[in-house]
Amino acid sequence: MRVLRTPDDRFDGLPGYPFQPHYAEIDAGDGHGTALRVHYLDERPAGEPSGETVLLLHGEPTWSYLWRDLIPPLVAAGHRCVAPDLVGFGRSDKPADRFDYTYQAHLDWLRALVFGTLDLDGVTLVCHDWGGLLGLRLLAEHPGRFRRAVATNTMLPAGDQDMGPFFVHWLQSSQRSNPFKVAAVLARNLRAGADPAVLAAYDAPFPGEPYLQGARQFPLLVPISPQDEAAPGNREAWRVLETLDLPFLCAFGEHDPVSRVHGERMAERIPGAKGQPHVTIADAGHFLQEDQPRRLAETIAGFIGSTP
């Protein structure tokens, strides 16, 4: 496996992102002992024991920068926030061959970090976009590690659902765009636009096309038919999720074009979602962490405070 690493100076002075980087090495799983350096944030209240452990999982094509406005209020509420960069994103290493990125590899890499290296337990899962496609699988496979979950604009497709025209457009544009600019993806999907410096920060991990193979590959890994490689595993995960009674909250953006209907289905299918105060966040699209960060942080903190 050939592995690229974004130069550290690409991350200097990013607006609103003062956090100390943390790194762990995990096995790439290529059979040759290759190690991947994975980056994560680990912020917690100063001078006192942390309350809950909140695992913040970003999606496609973002990175832990997505959570920068939610981490401070959650830490102020007394909680530890762990926000990894998925392999191929942010400050984490990036395999140069896009075919090294598989659904199973992403699951194994994330599992190795959060349970192997960090040994997280009693976790509040907060997952967005592909963070849900991975996080909900981990929840189903390791339910004893989790205390509650918050799903934001995400889903767990098993190849038996209509993904809709917006996803088809995204699938095509992610493969055909040249150049592929993460900032452009954000700019097209934000309700009120964004500071150019913020948009540039989303591009920081990707100095050129060789670094973008994970972002290019993610859309192709979404199961869109029962024959897709990850479809059986996701169907099995749903069999577990449909029995789980841990508290489960859906917080979706009012104007999200892809996943809002999937949030409604999750609220119906997961026992622990019954009777929870699910919210549709007004004036928020797919990237509600950018559109309405304060409202989302308040929703997560309130849910933690109201559930065992």
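As named in an unreviewed UniProt entry, the protein is Haloalkane dehalogenase, taken from Nonomuraea monospora.

**Notes on the overall build of the protein**
Helices and strands together make up the secondary structure of the protein, namely eleven helices and ten strands. Across its three principal directions, the C-alpha atoms of the protein cover 50 × 45 × 45 Å. Each of the 308 residues in the protein was classed as buried or not, and the buried ones make up 59%. Considering only contacts in the protein between residues 6 or more positions apart, those separated by 24 or more positions represent 77%. Carbon and sulfur atoms form 49% of the exposed surface of the protein, whose accessible area is close to 12200 Å². A gap of 2 Å separates the mean positions of the 28 positive and 39 negative side-chain charges of the protein.

**Some details on the pairing of strand S3 (residues 35–43)**
Judged by how many residues are buried, S3 sits mostly within the fold: seven of nine residues are covered. Direction of pairing for S3 relative to strand S5 (residues 80–84): antiparallel, over a ladder of four bridges. Paired with Tyr40 across the bridge in S5 is Pro84.

**Here's the deal with the nonpolar core**
Ile71, Leu125, Leu139, Phe248 and Met266 are the most contacted members of the largest nonpolar core, which has 103 residues in total. Top element by residues in this core is helix H2 (residues 103–117). It accounts for eight residues. Contacts of Leu139, omitting those with residues within four sequence positions, involve Leu125, Phe146, Ala149, Leu241, Leu244, Leu246 and Phe248.

Reading the values: rules and limits
- Residues numbered from 1 in each chain as written.
- Predicted model: local features only at pLDDT ≥ 70, side-chain atom pairs only at ≥ 80, totals over all residues.
- Heavy atoms only, no water.
- Helix = DSSP H or I, 4+ residues; strand = E, 2+ residues; numbered from the N terminus.
- Buried < 20%, exposed > 50% of the residue type's maximum accessible area, 1.4 Å probe, protein only.
- Contact = heavy atoms within 4.5 Å.
- Areas by Shrake-Rupley, 256 points an atom, 1.4 Å probe, with all protein chains shown as cover.
- Lys, Arg positive; Asp, Glu negative; His and termini not counted.
- Charge placed at Lys NZ, Arg CZ, Asp CG, Glu CD.
- Pairing = 2+ DSSP bridges.
- Core = buried A, V, L, I, M, F, W, Y, C linked by side-chain atoms within 4.5 Å.

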